[in-house]
Amino acid sequence: MARNKHPEETVSLILDVAARLFMEKGYEHTSIQDIIDNLGGLSKGAIYHHFKSKEDILVAVTDRITSESNRMLADIRDQKDLCGREKLQAIFKESINRPEQDAIFTVAPNLGANPKLLFSMLGETISDVAPNYIRPILEQGIADGTIEAAYPLELAELIMLAANFWMNPMVFDDSVEKVRNKTVIFCQMMKGLGLDIVDKELTDRMVELTAVYQKNR
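Residues numbered from 1 in each chain as written. Predicted model: local features only at pLDDT ≥ 70, side-chain atom pairs only at ≥ 80, totals over all residues. Heavy atoms only, no water.

Student: I would appreciate a short explanation of the overall build of the chain in the present structure.
Tutor: Each helix and strand counted, the chain has eleven helices and zero strands in total. Element order for the chain, N to C, with α for helix and β for strand: α-α-α-α-α-α-α-α-α-α-α. For the C-alpha atoms alone, the extent of the chain along its principal axes is close to 60 × 35 × 25 Å. Buried residues in the chain amount to 43% of all 217 residues. The long-range share in the chain, meaning contacts at least 24 apart out of those at least 6 apart in sequence, stands at 70%. On the chain, roughly 11,300 Å² of surface is accessible, and the fraction owed to carbon and sulfur atoms is 54%. (Helix = DSSP H or I, 4+ residues; strand = E, 2+ residues; numbered from the N terminus. Buried < 20%, exposed > 50% of the residue type's maximum accessible area, 1.4 Å probe, protein only. Contact = heavy atoms within 4.5 Å. Areas by Shrake-Rupley, 256 points an atom, 1.4 Å probe, with all protein chains shown as cover.)

What follows is the structure in structure tokens.
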């Protein structure tokens, strides 16, 4: 039986295998035994030593997916030389232009067929990303006069839900044309909220990523 002397390496291996299987087969169609069969000889005990259930593994997979993005959000949130409006604009540009986005959209699953994974990511957005990263930026913008918003938390939630889920072709399996239309509407919505901070660059990049996603379906 293969053994790993370092617990963190065992956890990383479990999450690597689980994430791949969740994307390939869907969370509901992936069993603990499927994960075990792809661990190179590690036992069921190796899984249950670190995770109580498959759902616990899903939570850890989701946390790992979002951790890199959250580091980027924190870096921008904590910059001292940008006003609130500039920070919000920087988040959109950085998020959409990260080099790893092409790789993500190449191998990404249809999240609509992975409801557990989708709901876990949705919960992370509402419970962590919106209140801890986007709201502080909106509140700074309100304080420095570059953003007008009566309800920064609710606005943060709306922005993140629209940008990360409604416009995401991985959720609704949208065509390139549908995503183009959605990004145009999103830009108009943001402008109507007094946040004219996204532009044609966002539309073009979302169309490009959608084409990558659809090509590899």
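Student: Help me out: how do you make sense of the nonpolar core in this one?
Tutor: Taken as a class, soluble globular proteins show a tendency for nonpolar side chains to be buried jointly. In this structure, I57, L88, F92, I134 and F186 are the most contacted members of the largest nonpolar core, which totals 62 residues. Looking at this core, the element that brings in the most residues is helix α7 (residues 115-144), giving nine residues. (Core = buried A, V, L, I, M, F, W, Y, C linked by side-chain atoms within 4.5 Å.)

Student: How should empty space enclosed by the protein be read in this particular structure?
Tutor: With a probe scaled to a water molecule rolled over the atoms, the places where space remains empty come into view. On inspection of all chains with the given rule, the structure shows one cavity of 30 Å³ or more. Together, Q89, F92, K93, I96, N97, I197, V198, D199, E201 and L202 line the largest cavity. Of all elements in the fold, only α5 (84-97) and α11 (200-215) reach the threshold of two or more residues within the lining of the largest cavity. Here the lining of the largest cavity takes five residues from α5, the largest share from any one element. In terms of residue class, the lining of the largest cavity is built from five nonpolar, two polar and three charged. (1 Å grid on protein atoms, 1.4 Å probe; cavity = no way out; pocket = protein on both sides within 12 Å on 5 of 7 lines; lining within 4 Å. Points joined across faces, edges and corners; volume = space filled by probe spheres on them. Nonpolar A, V, L, I, M, F, W, Y, C, P; charged D, E, K, R; others polar.)

Student: Teacher, can you tell me more about the pattern of salt bridges here?
Tutor: This model, assessed by the stated rule, comprises nine salt bridges. With a shortest N-O distance of 2.7 Å, D16 and R64 are connected by a salt bridge. Separated by 48 residues along the polypeptide, D16 in helix α1 (residues 7-25) and R64 in helix α4 (residues 54-77) bring together distant segments of the chain. Looking at D16, the relative accessible area reads 42%, which means it is partly exposed. (Salt bridge = Lys/Arg side-chain N within 4 Å of Asp/Glu carboxyl O.)

Student: Help me understand the packing of α5 against α11 in this model?
Tutor: Their axes nearest at 10 Å, the elements α5 and α11 cross at an angle of 25 degrees. By the angle between their axes, α5 is roughly parallel relative to α11. Judged by the twist between their axes, the crossing of α5 over α11 is left-handed. Contact residues: K93, I96 and N97 in α5; E201, L202, R205, M206 and L209 in α11. (Axes fitted to C-alpha atoms, helices over the stretch in contact; angles between N-to-C directions. Parallel < 35°, antiparallel > 145°, perpendicular 65-115°, else oblique. Left-handed = near helix turned anticlockwise from the far one by under 90°.)

Student: What exactly am I supposed to notice about α11 here?
Tutor: Residues spaced three or four apart along an α-helix point in a common direction, a consequence of the helix completing one turn every 3.6 residues. In a regular helix each residue adds 1.5 Å, so 16 residues correspond to 22 Å; α11 covers 22 Å between its end C-alpha atoms and thus fits that length. Those residues of α11 that sit buried are L202, T203, R205, M206, V207, L209, T210, V212 and Y213. Between the side-chain oxygen at the start of α11 and the backbone nitrogen of E201 there is a gap of 3.0 Å, and the oxygen is on D199. (Expected span 1.5 Å × (residues − 1). Polar contact = N/O pair within 3.5 Å; in protein donor to acceptor, adjacent residues only side chain to side chain.)

Student: So what exactly am I meant to see when it comes to the layout of surface pockets here?
Tutor: One number sums up the size of the largest pocket: a volume of about 1,200 Å³. Together, 41 residues line the largest pocket, and I65, R98, Q101, I104 and M121 are the ones closest to its centre. Those elements that provide at least two residues to the lining of the largest pocket are α1, α4, α5, α6 (100-107), α7, α8 (152-166) and α11. Broken down by element, the residue count for the lining of the largest pocket peaks at nine residues, all from α4. Classifying every residue of the lining of the largest pocket by side-chain character gives 27 nonpolar, eight polar and six charged.

In short, geometric facts, not functional conclusions.
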